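# Observations on the three-dimensional arrangement
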Amino acid sequence: MAIHLRSKSFQNNLLFSIGGIFVVFAVCFSIYQFKREKEYKIDIMHSQLQMYNYEMLQNLGDSIISHDAFMHYMKKRGMKGLRATIIDRQGRVILDSQQEDVSRMANHLQREEIQEALKHGSGYDIKRASLYTHETYFYSATYLPEKKGHVGSIIIRSAIPYSAEITRSLQADNSYIYFTIALTILLGLALYYNTSRIGKHIRYLYEFAVKAEEGDTLDHELERQLPDDELGDISHTIIALYWKLRHSEEEKIRIKQQLTQNAAHELKTPTASIHGYLESILANPDMPPEKRQHFLERCYAQSERMSKLLLDMATLTKLDEKETTFEQRQQKETIVDVRAIIDNVIEDTALQLAERGITPHIDTPQQILIPGDSSLIYSLFRNIVDNAIAYAQGADSLKITCKQTSTTTEQFYEFTVSDNGPGVDPSHLTRIFERFYRVDKGRSRKLGGTGLGLAIVKNAAMTHHGIAKAELTPGGGLTIIFTLRR
């Protein structure tokens, strides 16, 4: 399947998507801040005019509706350009600092600042032109409800014309916009730098995937210097996993090829022997009965060796299949009594053990229950006992013990099977579980061994989530140690 990943497009998409979100956020924040800044300036102006309205009421008191007192106050205390108006509860104008004849003025009840004042106690209106002076004002009104001993309900409204100075004071401060732009640029550069780093990793993995698909040499890929961060660790882990899987597949192919070659080699000798014996019998019809019987017995012995070899190979094939399907078969596992299997193995090999002068000693609990495959566990113990019978020359004892062990996550039974024979050279301990490995090739073939017994032991233990290893028995002999998950 061709690879169509484009790391550069990925980098650009990541940059524009994150950058676009940030730009939209910055614009929305600027608009929101601009609005808040403007409202803040308007509130300041409104508060100043409200203070003037209350100051007027405080100074004039009930005489605030007196034309002379009102006009005198405006001349004495009024600000430049300031216009003040006194309005009753029904919206009729009582006094106005810039209109002598207020009777010609329209009712102000529907003016925005008046409505707000009546509802909330104060209100304002921004940039509305007066019908009488034709100037544009900022209006701020204060509602004073009727109180005992005071003038009736009135509204004091002050207005200030929009001069250039007032206009500037009500404008929002735009310095934060420049700060936002500068910050956006800096964050954009930082975002570009980080997306470039991510894009570099993606590009590297893309190149690796293309080379792997095309079958190019990849031996140097693990040596490439990657950034010392999480992305570098992820890239290195992906490549290491690829190599692990690739080497695992290559190892499986190598083992299968080796198994085929070794099987062919092992089968060649008994096949040639059988062919030779039968050829001699057919070519010599007058052969003495004793010699004919001897040749037939040799043919039978060689056929037995071939049968055992094929049986062991079938067992290994079954174990190889279980390595990939064991997790799916866990629901179908049966509970196996390992002690009962050990007793069966000792019973089945009692004659051979007696012929060798080997006395078995079993030191295990009377019941050892584990989930597993009873036939594989039988093969495991049977191959260890057969190995001791065949190769522990001069041994007179075979001990089988069991104890409980555990790791941080799992619990195991650890089994030890040891003899007091001659043992093996320590250099062989790490290889005796290999398929077709022989400590003494001549002796092994003479004794009828297939070279697969201990390989079956190791794979059967692994199938049950355990391990197998070999040690020298103190004082002489060989000890096989393996675990089975409880």
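You'll find the structure just up there.
In this report, we go over the structure that sits alongside the text. (Residues numbered from 1 in each chain as written. Predicted model: local features only at pLDDT ≥ 70, side-chain atom pairs only at ≥ 80, totals over all residues. Heavy atoms only, no water.)

Another point: the overall build of the protein chain. When you go through the protein chain residue by residue, the secondary structure sums to 12 helices and 12 strands. For the protein chain, the residues scored as buried account for 37% of the 486 residues in total. A fraction of 64% describes how many contacts in the protein chain between residues 6 or more apart in sequence connect residues 24 or more apart. Summed over all atoms, the accessible surface of the protein chain reaches about 28,800 Å², with 56% contributed by carbon and sulfur. (Helix = DSSP H or I, 4+ residues; strand = E, 2+ residues; numbered from the N terminus. Buried < 20%, exposed > 50% of the residue type's maximum accessible area, 1.4 Å probe, protein only. Contact = heavy atoms within 4.5 Å. Areas by Shrake-Rupley, 256 points an atom, 1.4 Å probe, with all protein chains shown as cover.)

For the rest of this paragraph, the subject is the side chain of S140. Note that S140 resides in strand β4 (residues 136-144). By relative accessible area, which is 0% here, S140 ends up buried. Of note is the side chain of S140, whose polar atom sits 2.8 Å from the side chain of H46. Residues in contact with S140, not counting those within four places in the same chain, are H46, L49, Q50, N53, G123, Y124, I156, R157 and S158. (Polar contact = N/O pair within 3.5 Å; in protein donor to acceptor, adjacent residues only side chain to side chain.)

With that settled, consider the nonpolar core. Counting 38 residues, the largest nonpolar core has V338, L380, F381, F415, I480 and F482 as its most contacted members. Listing elements by their share of this core, those giving two or more residues are α8 (338-348), α10 (374-391), β9 (397-406), β10 (411-419), α12 (453-463), β11 (468-472) and β12 (478-485). Per-element tally for this core: the top contributor is α10, with 7 residues. Beyond its immediate sequence surroundings of up to four residues, F482 is in contact with L380, F381, I384, Y413, E414, F415, V417, A461, I467 and A468. Core analysis: the next-biggest nonpolar cluster, separate from the first, contains 21 residues, M56, L60, I64 and L95 among them. (Core = buried A, V, L, I, M, F, W, Y, C linked by side-chain atoms within 4.5 Å.)

Spatially, 5 strands are ordered β7-β9-β10-β12-β11 in an open sheet, and the strand pairing comes out mixed. The open sheet has two free edges, formed respectively by β7 (359-363) and β11, since each of these has just one partner strand. The sheet shows a mean angle of 20° between the axes of neighbouring strands, taken without regard to direction. Sheet topology places β11 next to β12; 5 bridges connect them, and they run antiparallel. Residue L472 lies in a different strand from β12, and its bridge partner there is L478. Here α8 sits on the sheet in contact with β7, β9, β10 and β12, set at roughly 175° to β7. Helix-sheet contacts for α12 involve β11 and β12, and the interaxial angle to β12 is about 25°. (Pairing = 2+ DSSP bridges. Axes fitted to C-alpha atoms, helices over the stretch in contact; angles between N-to-C directions.)

To continue, consider the packing of aromatic side chains. Evaluated as defined, the whole model comprises 7 aromatic pairs. Taking 6.4 Å as the distance between ring centres and 45° as the angle between the ring planes, the aromatic pair formed by Y52 and Y73 counts as tilted. One end of the pair, Y52, is in helix α1 (residues 7-60); the other, Y73, is in helix α2 (residues 67-77), with 21 residues separating them in the sequence. Across the pair, Y73 and Y52 agree in class, each one buried. Each ring, one from Y413 and one from F415, has its centre 6.4 Å from the other, and the planes form 50°; the classification is tilted. (Phe/Tyr/Trp six-rings, centres within 6.5 Å; stacked < 30°, edge-to-face > 60°.)

Here we take up the pattern of salt bridges. What the rule picks out here adds up to 9 salt bridges. Where R339 meets D343, a salt bridge forms, and the shortest distance between an N and an O atom there is 3.1 Å. Here R339 and its partner D343 are both found in helix α8, 4 residues apart, which amounts to about one turn of the helix. Residues E410 and R485 are paired through a salt bridge, measuring 2.7 Å at the closest nitrogen-oxygen approach. With E410 in the loop between β9 and β10 and R485 in strand β12, the pair connects residues that are 75 residues apart, well separated along the chain. What makes E410 partly exposed here is its relative accessible area of 27%. (Salt bridge = Lys/Arg side-chain N within 4 Å of Asp/Glu carboxyl O.)

For the rest of this paragraph, the subject is α10. For α10, spanning 18 residues, the distance from its first C-alpha to its last is 26 Å, which sits close to the expected 26 Å at 1.5 Å a residue. Buried within α10 we find L376, I377, S379, L380, F381, N383, I384, V385, A388, I389, A390 and Y391. (Expected span 1.5 Å × (residues − 1).)

With that settled, consider the sheet that holds strand β5 (residues 154-161). Here we have 5 strands laid out as an open sheet, ordered β2-β1-β5-β4-β3, and antiparallel in their pairing. Looking at the sheet topology across the chains shown, the edges are occupied by β2 (93-96) and β3 (122-129). Going across the sheet, the axis of each strand differs from the next one's by a mean of 20°, ignoring polarity. Two strands pair when backbone bridges link them, and strand β1 (residues 83-88) and β5 are joined in this way by 6 bridges, in the antiparallel orientation.

Taken together, the side chains of Y178, I181, I185, L186 and L189 make up a nonpolar region of the molecular surface, amounting to roughly 570 Å² of accessible area. The topology assignment puts I185 in helix α5 (residues 175-214). (Patch = residues over 30% accessible without salt bridge, like charges linked within 9 Å, V, L, I, M, F, W, Y side chains within 5 Å.)

The interhelical angle for the contact between α8 and α10, taken along N-to-C directions, is 45°, at an axis separation of 9 Å. One finds that α8 runs oblique with respect to α10. The hand of the α8/α10 crossing is right-handed. Contacts between α8 and α10 involve V338, I341, I342, N344, V345 and D348 from the first element and S374, I377, Y378, F381, R382 and V385 from the second. Of the residues contributing to the contact of α8 with α10, the split by class is 8 nonpolar, 2 polar and 2 charged. (Parallel < 35°, antiparallel > 145°, perpendicular 65-115°, else oblique. Left-handed = near helix turned anticlockwise from the far one by under 90°. Nonpolar A, V, L, I, M, F, W, Y, C, P; charged D, E, K, R; others polar.)

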